[in-house]
Amino acid sequence: MKKNPELTEFIGRIKNVKKILVVVPRDRAQEVVARKYLTRIKEAFPGSRISTLDIFNLRSNDVNWLGVPNDQFVDRFRKEKFNLLIDLNSYHDTLCSYLAALTDAEMRMHICEGRYDKIYNLHVRTDSHTSLERRYTLLVNNLARLAESIRQAPAA
C-alpha cells in the first residue's frame, strides 16, 4: 500500500471507468444476494467490463502455503488495471482487503466501515442495523446517480 496516497478526484475518475472488479462476499448466503446487483452495477457503467473475485475460487497454484495469493497471482491481478474496486463483503475481510490494497484501482469502495478503512476511499455508511440488501441498493443507486449526472454534465 502506498505510504502517502494521493487525493483522488472522483468526478473525473468515475467518468472514465472501464474496468470494474467486484469482490463477492465470502459468506455464501451474502454472495447470492450480492450477485443480484451485478447487473445494476453494469447498467451504471455502460461500456465497462466487470470482473468478479471470489476468494473461494482461487486455485491451489494461485496461493502460497499460507493460503495467501502468491506473487504470480498478484502480478496478474495488478496487470488488469481496474479503475474501480467494489468490495461487497458485509465486514472487512482480511484477505479481500489485502487484495484491494494491492490493486492499483484509484477508487476502492466498501459497504461498511471497519479496521481497514484506510484501504478504501469510498464508503457506503449506514446504521449497523441496515439490511445487506439495503446497503447494496444504496451503493448501486449512488453509483448510478453519480455516473448518470457526470454523463449528462456539459463538457467543460
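Just so we're clear, the structure is a prediction, and the values are computed from it rather than from any experiment.

**Regarding the nonpolar core**
Moving on, step 1. The biggest cluster of nonpolar side chains holds 26 residues, and the ones touching the most others in it are Ile20, Phe45, Ile86, Leu88, Tyr136 and Leu139.
Moving on, step 2. The element best represented in this core is helix H6 (residues 132–152), accounting for 7 residues.
Moving on, step 3. Ignoring anything within four residues of it in the chain, the contact list for Leu88 reads Val22, Val23, Pro25, Ala34, Ile111, Tyr136 and Leu139.
Moving on, step 4. In this structure, Leu53, Ile55, Phe73 and Leu99 belong to the second largest nonpolar core, which totals 20 residues.

**Regarding the packing of helix H2 (residues 28–35) against H6**
Moving on, step 1. Relative to each other, H2 and H6 sit at 35 degrees, their axes nearing to 10 Å. Relative to H6, the crossing made by H2 is right-handed. Judged by residue contacts, Gln30, Val33 and Ala34 of H2 engage Leu132, Glu133 and Tyr136 from H6.
Moving on, step 2. The residue makeup of the contact of H2 with H6, split by class, is 4 nonpolar, 1 polar and 1 charged.

**Some thoughts on the pattern of salt bridges**
Pairing between side chains becomes possible if they bear opposite charge and their charged atoms approach one another.
Moving on, step 1. Counting across every chain of the model gives 11 salt bridges.
Moving on, step 2. Notably, a salt bridge pairs Arg28 with Glu31, separated by 2.3 Å at the nearest N-O pair. Residue Arg28 and its partner Glu31 are located together in helix H2, separated by 3 residues, close to a single helical turn.
Moving on, step 3. Take Arg28: its relative accessible area is 39%, and that puts it in the partly exposed class.
Moving on, step 4. Exposure remark for Glu31: the relative accessible area of 9% places this residue in the buried category.
Moving on, step 5. One network of salt bridges, with partners in common, ties together Arg28, Glu31, Arg35 and Asp54.

Quick notes on the rules
- For every chain, the first residue of its written sequence is number 1, and the numbers climb from 1 along that sequence.
- Reporting of local features is limited, given that this is a predicted model, to residues whose pLDDT is at least 70; pairs of side-chain atoms are given and counted only at 80 or more, and all residues count toward the totals for whole chains, interfaces and linings.
- Working from all heavy atoms in the structure, the side-chain values ignore hydrogens and water.
- Take the buried Ala, Val, Leu, Ile, Met, Phe, Trp, Tyr and Cys residues and link them wherever side-chain atoms come within 4.5 Å; each set so joined is a nonpolar core.
- The classification of residues rests on relative accessible area computed with a 1.4 Å probe and restricted to protein chains. Under 20% of the type maximum is buried, over 50% is exposed, and intermediate values are partly exposed.
- A run of H or I in DSSP counts as a helix once it spans at least four residues, and a run of E counts as a strand once it spans at least two, with each numbered from the N terminus.
- By the convention used here, residues are in contact when the closest approach between their heavy atoms is within 4.5 Å.
- To get an axis, a line is fitted to the C-alpha atoms, and for a helix only the part in contact is used. The angle between two axes follows their N-to-C directions and goes from 0 to 180 degrees.
- Crossing handedness: left-handed means the near helix sits turned counterclockwise from the far one by under a right angle, and right-handed means the same turn made clockwise.
- Side-chain classes are defined by residue name, with Ala, Val, Leu, Ile, Met, Phe, Trp, Tyr, Cys and Pro counting as nonpolar, Asp, Glu, Lys and Arg as charged, and the others, Gly among them, as polar.
- Here a salt bridge means any side-chain nitrogen of Lys or Arg lying within 4 Å of a carboxyl oxygen belonging to Asp or Glu.

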